Amino acid sequence: MPYRNKTYVAFDGDNDIHCYYLMKAWKQNDNTNFDFYDAHDINTAQDTSTEETIKCRLRERMANSKVFVLLVGEHTKNLYKFVRWEIEEAIRRDLPIIVVNLNGCGRLDEQNCPPILRDKLAVHINFSPKIMQYALENWPSEYYRLKSSGTVGSRYYGDHIYAKLR
């Protein structure tokens, strides 16, 4: 069994890849404390590969992941070929899910959140390095604690957490 220390990031590759690249830039920036072990560094999946080959590579990345991050933009809820499949895989693998709203919403965004996640135990946050780092450090243990107590449904961090992180 692989050592699971990676962060798997799923996103709309056509419209939101710039946000994923920004996350990688935050990681490289000496002026932020943002850091994550990117599961996408494990292998490459070319756009010219078959769907099954791509999914095989994504499964390998997810097998090495301890947390699943979904960047949610305006079109994410309509993506079924890969994003929906990635969400289903994360749920099947019981990975803690962090839903990152690119529109600034720090709670469940009913309009943009993929329906499959609306009633799942996941934390919903906005897109900023400090709250993302906080969620990466805290959500996995919170998730397993809440899950063991039978808690379901969306979660979010209150205003006091955001204020503390400013």
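Cut-off values and rules
Residues numbered from 1 in each chain as written. Predicted model: local features only at pLDDT ≥ 70, side-chain atom pairs only at ≥ 80, totals over all residues. Heavy atoms only, no water. Helix = DSSP H or I, 4+ residues; strand = E, 2+ residues; numbered from the N terminus. Rg over C-alpha atoms; globule rule 2.2 N^0.38 Å. Contact = heavy atoms within 4.5 Å. Areas by Shrake-Rupley, 256 points an atom, 1.4 Å probe, with all protein chains shown as cover. Lys, Arg positive; Asp, Glu negative; His and termini not counted. Charge placed at Lys NZ, Arg CZ, Asp CG, Glu CD. Core = buried A, V, L, I, M, F, W, Y, C linked by side-chain atoms within 4.5 Å. Buried < 20%, exposed > 50% of the residue type's maximum accessible area, 1.4 Å probe, protein only. Pairing = 2+ DSSP bridges. Axes fitted to C-alpha atoms, helices over the stretch in contact; angles between N-to-C directions. Salt bridge = Lys/Arg side-chain N within 4 Å of Asp/Glu carboxyl O. Polar contact = N/O pair within 3.5 Å; in protein donor to acceptor, adjacent residues only side chain to side chain. Phe/Tyr/Trp six-rings, centres within 6.5 Å; stacked < 30°, edge-to-face > 60°.

Draft legend 1. View of the overall build of the chain. Summing up its helical and strand segments, the chain has five helices and five strands in all. Helices and strands appear in the chain in the N-to-C order β-α-α-β-α-β-β-α-β-α. For 166 residues, the compact-globule formula gives about 15 Å, and the C-alpha radius of gyration of the chain, at 15 Å, lands near that figure. Referenced to the eigenvectors of the C-alpha coordinate spread, the extents of the chain come out at roughly 45 × 40 × 35 Å. By sequence separation, contacts in the chain at least 24 residues apart represent 72% of the contacts at least 6 residues apart. When the accessible surface of the chain is totalled, it reaches about 8,900 Å², and 47% of it is carbon and sulfur. Averaging the coordinates of the 23 positive side-chain charges in the chain and doing the same for the 22 negative ones gives two points 5 Å apart.

Draft legend 2. The nonpolar core, seen in detail. With 29 residues, the main nonpolar core has Met23, Leu71, Ile98, Ile125 and Tyr157 as its most contacted residues. Every element with two or more residues in this core is listed here: α1 (17-28), β2 (65-72), β3 (97-101), β4 (122-126), α4 (129-148) and α5 (159-165). Setting aside chain neighbours within four positions, we find Ile125 in contact with Ile98, Val99, Val100, Asn101, Cys105, Gly106, Ile131, Met132, Ala135, Tyr157 and Tyr162. Core analysis: the next-biggest nonpolar cluster, separate from the first, contains 19 residues, Phe68, Leu70, Leu95 and Val99 among them.

Draft legend 3. Examining the sheet that holds strand β5 (residues 154-156) more closely. The strand order β1-β2-β3-β4-β5 describes an open sheet built from five strands, whose pairing is parallel. Looking at strand neighbours, the two that pair on one side only are β1 (6-10) and β5, the edges of this open sheet. Taken pair by pair, the neighbouring strands of this sheet meet at an average axis angle of 30 degrees, ignoring direction. As paired elements, β4 and β5 share three bridges and run parallel to each other.

Draft legend 4. Up close: the side chain of Asp109. Note on placement: Asp109 falls in the loop between β3 and β4. Buried and without a salt bridge, Asp109 has Arg118 as its closest oppositely charged side chain, separated by 7.4 Å. In this structure the side chain of Asp109 is engaged in a polar contact, spanning 2.6 Å, whose partner is the side chain of Asn103.

Draft legend 5. Seen up close, the packing of aromatic side chains. All told, the structure shown has seven aromatic pairs when counted by the stated rule. Plain terms: the ring middles of Tyr20 and Tyr21 are 5.9 Å apart, the flat faces sit at 40 degrees to each other, and that makes the pair tilted. Classification of Tyr20 by relative accessible area gives buried; the value is 6%. You can call Tyr21 partly exposed: its relative accessible area is 49%. For the pair Tyr134 and Tyr157, a centre-to-centre distance of 5.0 Å together with 90 degrees between the ring planes defines the contact as edge-to-face. With a gap of 23 residues between them, Tyr134 in helix α4 and Tyr157 in the loop between β5 and α5 connect regions that are remote in the sequence. Site record: aromatic cluster; members linked through ring pairs are Phe11, Tyr20 and Tyr21.

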